[in-house]
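Results of the structural survey
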Amino acid sequence: MFHPQVDVVENRTVSFEALARWNSGKLGSVRPDIFIKAAERSGLITQITLLLLEKALKQVREWPEHTKVSFNLSARDLRSGISITNICTAVRQSGIDPRRIEFEITETAMLTDFEQACEALARLKAMGCRIAIDDFGSGYSSFSYIHRLPVDKIKIDRSFVVQLLEHGSALKIIKTIIDLCRNLNLDCVIEGVETQGEMNKLAQIRARYIQGYLFSKPMLAEQVLPYLRTETARIHAALKAG
């Protein structure tokens, strides 16, 4: 599945996050938090990562050249030199400009072996790929290590968003992170925005990149291009009307 990340300033989708889904013939629909953890425990995650990455990049070849894709890496991926080599090979063989590919890592995955994570991310960055820290704020969040990593983007965890309408401090924290990202020349995506009320609050602090059900639920690969065509038609219609 693919979940849009929207630039609310330009009112257009700039990237899609690739999300792993599993519909088992025996088990039915299995939640990703269950099967991904099982894959990590069994050691199969590096094989699954490569399979999913190749499938995602195959879809990206059909997208407009300005549209990026975000792909999640696990702690095991970061700790395995072979896995990173295979990922780099998949990127090269895809024929896609590496600048359109963004790898997301969580703080937890990164901190399991910080030095190894730095080395792995440096290899991906050297190819031209972008790096994002996912779920920022849900773990040990600290900018003391961010400056040591080749990071391009911070994704603010939804746990702050759900408190926006009840706790004024949540908006202040989000604004502080956004301001820090601007000062460090990092993009900042806010995850899990589901209501117009939440979006109204975020508009007050000039949040720019948003990911959440307010704009779209995750979609199948074959739905991406029709979604983008509809969005382009809407933008052109708005420009004409303006």
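In this report, we go over the structure that sits alongside the text.

What counts and how
- Residues numbered from 1 in each chain as written.
- Predicted model: local features only at pLDDT ≥ 70, side-chain atom pairs only at ≥ 80, totals over all residues.
- Heavy atoms only, no water.
- Salt bridge = Lys/Arg side-chain N within 4 Å of Asp/Glu carboxyl O.
- Helix = DSSP H or I, 4+ residues; strand = E, 2+ residues; numbered from the N terminus.
- Buried < 20%, exposed > 50% of the residue type's maximum accessible area, 1.4 Å probe, protein only.
- Phe/Tyr/Trp six-rings, centres within 6.5 Å; stacked < 30°, edge-to-face > 60°.
- Pairing = 2+ DSSP bridges.
- Axes fitted to C-alpha atoms, helices over the stretch in contact; angles between N-to-C directions.
- Expected span 1.5 Å × (residues − 1).
- Arc of directions from axis to C-beta.
- Core = buried A, V, L, I, M, F, W, Y, C linked by side-chain atoms within 4.5 Å.
- Contact = heavy atoms within 4.5 Å.
- Lys, Arg positive; Asp, Glu negative; His and termini not counted.

Let us look at the pattern of salt bridges. Summed over the entire model, instances satisfying the criterion amount to 17 salt bridges. Two residues, R208 and D7, come together in a salt bridge whose shortest N-O distance is 2.9 Å. One end of the pair, R208, is in the loop between α10 (196-204) and β10 (209-211); the other, D7, is in strand β1 (residues 2-7), and 201 residues separate them in sequence. Relative accessible area serves as the criterion here: at 30%, R208 is assigned to the partly exposed category.

Before going further, it helps to spend a moment on the packing of aromatic side chains. For the coordinates displayed, the defined rule picks out five aromatic pairs. An angle of 80° between the planes, with centres 5.3 Å apart, marks the rings of F2 and W63 as edge-to-face. Here F2, found in strand β1, pairs with W63, found in the loop between α2 (45-60) and β5 (68-72); they are 61 residues apart in sequence, far enough to count as distant. Of the two residues examined, F2 and W63, each falls in the buried class. For the ring pair W22 and F35, a centre distance of 5.8 Å and an interplane angle of 85° mean the geometry is edge-to-face. Here W22 is found in strand β3 (residues 22-24), whereas its partner F35 is found in helix α1 (residues 32-42), with 13 residues between them in sequence. The buried category is assigned to F35, whose relative accessible area is 11%.

Right, let's talk about the environment of K58 for a bit. Considering the arrangement of structural elements, one finds K58 in helix α2. Take K58: its relative accessible area is 53%, and that puts it in the exposed class. Residues K58 and I96 lie 38 residues apart in sequence; the distance between their C-alpha atoms is 9.3 Å.

Our next topic: the sheet that holds strand β6 (residues 101-106). As a general point, the strands of a sheet are linked pairwise by backbone hydrogen bonds and lie either parallel or antiparallel. Read around the closed barrel, eight strands run β1-β2-β5-β6-β7-β8-β9-β10, paired in mixed fashion. Shown here is a sheet whose adjacent strand axes are inclined to one another by a mean of 30°, direction ignored.

Burial of the side chains of strand β8 (residues 153-156) extends over both faces: K153 and K155 are buried on one face and I154 and I156 on the other. The pairing of strand β7 (residues 130-136) with β8 spans three bridges and is classified as parallel. Looking across to β8, one finds that F136 is bridged to I156. The sheet contact formed by β8 and strand β9 (residues 187-191) spans four bridges and is parallel. Each bridged residue has a counterpart across the sheet, and for I156 the counterpart in β9 is I190.

Moving on, we come to unusual backbone geometry. You will see that D135, though not glycine, has its phi angle at about 55°, which is positive. Counting through the fold element by element, D135 comes out in strand β7. Backbone geometry places R206, a non-glycine residue, at a positive phi of 60°. Along the chain, the position of R206 falls in the loop between α10 and β10. Residue class for R206 comes out exposed when judged on its relative accessible area of 58%.

The first and last C-alpha atoms of α2 sit 22 Å apart over 16 residues, in line with the 22 Å expected at 1.5 Å per residue. Restricting attention to buried positions, one finds in α2 the residues I45, T49, L53, A56, L57 and V60. One side of α2 carries all its buried residues, which in axial view fall inside an arc of 95°. Exposed and facing more than 90 degrees away from the buried side of α2 are Q47, K55 and K58.

So, about the nonpolar core. F103, I133, L149, I154, I174, I190 and L202 are the most contacted members of the largest nonpolar core, which has 64 residues in total. Every residue in contact with I133, bar those within four places of it in the chain, is listed here: I105, E107, M110, I146, L149, V151, K153, I154 and K155.

Another aspect to go through is the side chain of D134. In this structure, D134 sits in strand β7. Buried D134, no salt bridge; nearest opposite-charge side chain is K155, N-O distance 4.0 Å. When neighbours within four sequence positions are excluded, D134 is seen to be in contact with E17, N72, E104, I105, T106, E107, K155 and E191.

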